[in-house]
Amino acid sequence: MISDILSMNSSSHGLRFIRRDSYEQISEEAAGMLADELAAKPDLLLCVATGGSPKRLYELLAKQYQTAPQRFSRVRILKLDEWGGLAPDDAASCETYIHQHLLTPLHISADRYFTFRGDAPDAETEAGRLRLMLAQLGPPDVCILGIGGNGHLAMNEPANELHPHAHVARLTPHSQTHQMIQHLSTRPSFGLTMGIADILLSRKIILLVNGAHKREAMKRLLTEKISTQLPASLLRLHANAWCLCDEAAWPE
Ligand code: PGA
């Protein structure tokens, strides 16, 4: 079954799978893809996930910066999602993560960073502002994603219906155990997130999957039909989406 899906994906369309031995290798592969994209379009709009999956990729980009700072002199960064209720300077926020892992090491100026607040007084108004911002910016050139253990993408949780555009999302109990927020005494019950259409409009998508804890989600991605109950499966509709998966996450 899995080999059928793989051969189906060896065509030039659909989500394509790259399997590598280690997390280091998938991160290097992604860093190489990004270097190529930046060479072709230095001011590309890069939409970024936070969390464990892209961490090593971002470290490798910071390393690239040491020898080739000019590579990052025009890149624009867009936040993918944010935990509801967290202030930008909260250590657990996606905002703090992006500052630490991308904006500071890559010296991204404020005019090249596009963000929104998880603690806005009115989350719906902030989601509306994000929709407007996206309409003005245009779709991302490249979107970096991780997959949730429950198959979510960003904060688009498994459901009968998905939202196309940026919105306020209720978090599932599963997502409330995410390592970024699991230590908080009051965990966020909602988040602000790009919608599935916003993600699918990206010119190129790189999905990073690593670790044994992602094996079940990966198995579902490889074997299940496209469904809103498995938001990551929607990536199979994209013409330029790459799933980089390490050996530990690869189902056998
Ligand atoms: P992770 O999170 O990269 O920290 O595993 C992915 C997700 O839950 O979307």
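Asks: Sorry, what's going on with empty space enclosed by the protein here?
Replies: Empty space among the atoms can be located by rolling a probe the size of a water molecule over them. By the definition in use, this model includes one cavity of 30 Å³ or more. Of the volumes computed, that of the largest cavity is approximately 40 Å³. Along its surface, the largest cavity is lined by Leu 34, Leu 38, Leu 46, Leu 61, Phe 72, Val 75, Ile 77 and Leu 106. Here the lining of the largest cavity is built from residues that sort into eight nonpolar, no polar and no charged.

Asks: What is the right way to look at the side chain of Ser 53 in this model?
Replies: Looking at where Ser 53 falls in the secondary structure, it is placed in the loop between strand 2 (45-48) and helix 3 (55-67). Under the relative-accessibility criterion, Ser 53 is labelled buried at 9%. Among all residues touching Ser 53, those that are not within four sequence positions of it are Tyr 23, Gly 146, Leu 208, Asn 210 and Lys 214.

Asks: How should the packing of helix 2 (residues 23-40) against helix 3 be read in this particular structure?
Replies: For any two helices packed against each other, one specifies the crossing angle of their axes together with the interaxial distance. Contact geometry of helix 2 with helix 3 gives a least axis separation of 8 Å together with a crossing angle of 50°. Between helix 2 and helix 3, the angle falls in the class oblique. Seen along the crossing, helix 2 lies across helix 3 with a hand that is right-handed. On the side of helix 2, the interface is formed by Tyr 23, Glu 24, Ser 27, Glu 28, Ala 30, Ala 31, Leu 34 and Ala 35, while helix 3 contributes Lys 55, Arg 56, Leu 57, Leu 60, Leu 61 and Gln 64.

Asks: Explanation requested: the site of the ligand in the structure shown.
Replies: Around the ligand sit Gly 51, Gly 52, Ser 53, Ile 147, Gly 148, His 152, His 178, Gln 179 and Lys 214, and that is every residue in its neighbourhood. Gly 52 has a polar backbone atom sitting 2.8 Å from an oxygen atom of the ligand. One nitrogen or oxygen atom from the side chain of Lys 214 is found 2.6 Å from an oxygen atom belonging to the ligand. Classifying every residue of the shell around the ligand by side-chain character gives one nonpolar, seven polar and one charged.

Asks: Got a minute to help me understand unusual backbone geometry in this structure?
Replies: Across residues other than glycine, the phi torsion is negative in most instances, and most of the peptide bonds are trans. Residue His 107 is not a glycine yet carries a positive backbone phi of 55°. Inspection of the secondary structure assignment puts His 107 in the loop between helix 4 (94-103) and strand 5 (113-114). Backbone geometry places Ala 154, a non-glycine residue, at a positive phi of 50°. With respect to the element layout, Ala 154 can be found in the loop between strand 6 (142-146) and strand 7 (167-170).

Asks: Is there a simple way to explain the layout of surface pockets in this structure?
Replies: Of the voids in this model, the largest pocket is the one considered here, and its volume is about 480 Å³. What lines the largest pocket is a set of 24 residues, among which Ile 147, Gly 148, His 152, His 178 and Lys 214 lie closest to the centre. Taken together, the residues of the lining of the largest pocket break down into eight nonpolar, 14 polar and two charged.

Asks: Is there a simple way to think about the sheet that holds strand 9 (residues 204-209) in this case?
Replies: Hydrogen bonds between backbone atoms are what pair the strands of a sheet, whose relative direction is either parallel or antiparallel. Ordered in space as 1-10-9-6-2-3-5, the seven strands form an open sheet in which the pairing is parallel. Strands with a single pairing partner mark the edges of an open sheet, and in this sheet they are strand 1 (15-20) and strand 5. Note that strand 2 and strand 6 share three bridges and pair parallel. Pairing of Cys 47 across the sheet is with Cys 143, part of strand 6. Most of the contacts of helix 4 go to strand 3 (residues 76-79), to which it runs at about 155°, and overall it touches strand 2, strand 3 and strand 5. The strands touched by helix 7 (residues 215-223) within the sheet are strand 1, strand 9 and strand 10 (241-246), with strand 1 carrying the most contacts at an inclination of about 140°.

Asks: Got a minute to help me understand the packing of helix 3 against helix 4 in this structure?
Replies: Between helix 3 and helix 4, the least distance of the axes is 9 Å, while the angle of their chain directions is 40°. One element, helix 3, and the other, helix 4, form an angle in the oblique class. Counting all contacts with helix 3, which are made through Lys 55, Tyr 58 and Leu 61, the residues of helix 4 involved are Tyr 97, His 101 and Leu 102. Considered class by class, the residues forming the contact of helix 3 with helix 4 number four nonpolar, one polar and one charged.

Asks: What is the right way to look at the pairing of strand 2 in this model?
Replies: Look at any regular strand and the pattern is simple: side chains alternate between the two faces of the sheet. The two faces of strand 2 match: Leu 45 and Cys 47 on one face and Leu 46 and Val 48 on the other face are all buried. For strand 2 and strand 3, the ladder comprises four bridges, and the chain directions are parallel. Across the sheet, residue Leu 46 finds its bridge partner in strand 3, namely Ile 77. Taken together, strand 2, helix 3 and strand 3 form a β-α-β motif whose crossover is right-handed.

Asks: Would you mind showing me how to read the environment of Pro 42 here?
Replies: Examined against the element boundaries, Pro 42 turns out to sit in the loop between helix 2 and strand 2. What makes Pro 42 partly exposed here is its relative accessible area of 33%. Remark: the alpha-carbon pair of Pro 42 and Gln 70, spanning 28 residues in sequence, is separated by 9.1 Å. Those residues in contact with Pro 42 that lie beyond four places of it in its chain are Arg 74 and Val 75.

Calculation notes
Residues numbered from 1 in each chain as written. Predicted model: local features only at pLDDT ≥ 70, side-chain atom pairs only at ≥ 80, totals over all residues. Heavy atoms only, no water. 1 Å grid on protein atoms, 1.4 Å probe; cavity = no way out; pocket = protein on both sides within 12 Å on 5 of 7 lines; lining within 4 Å. Points joined across faces, edges and corners; volume = space filled by probe spheres on them. Nonpolar A, V, L, I, M, F, W, Y, C, P; charged D, E, K, R; others polar. Helix = DSSP H or I, 4+ residues; strand = E, 2+ residues; numbered from the N terminus. Buried < 20%, exposed > 50% of the residue type's maximum accessible area, 1.4 Å probe, protein only. Contact = heavy atoms within 4.5 Å. Axes fitted to C-alpha atoms, helices over the stretch in contact; angles between N-to-C directions. Parallel < 35°, antiparallel > 145°, perpendicular 65-115°, else oblique. Left-handed = near helix turned anticlockwise from the far one by under 90°. Near = heavy atom within 4 Å. Polar contact = N/O pair within 3.5 Å; in protein donor to acceptor, adjacent residues only side chain to side chain. Pairing = 2+ DSSP bridges. Right-handed = clockwise from strand over helix to strand, strands pointing away.

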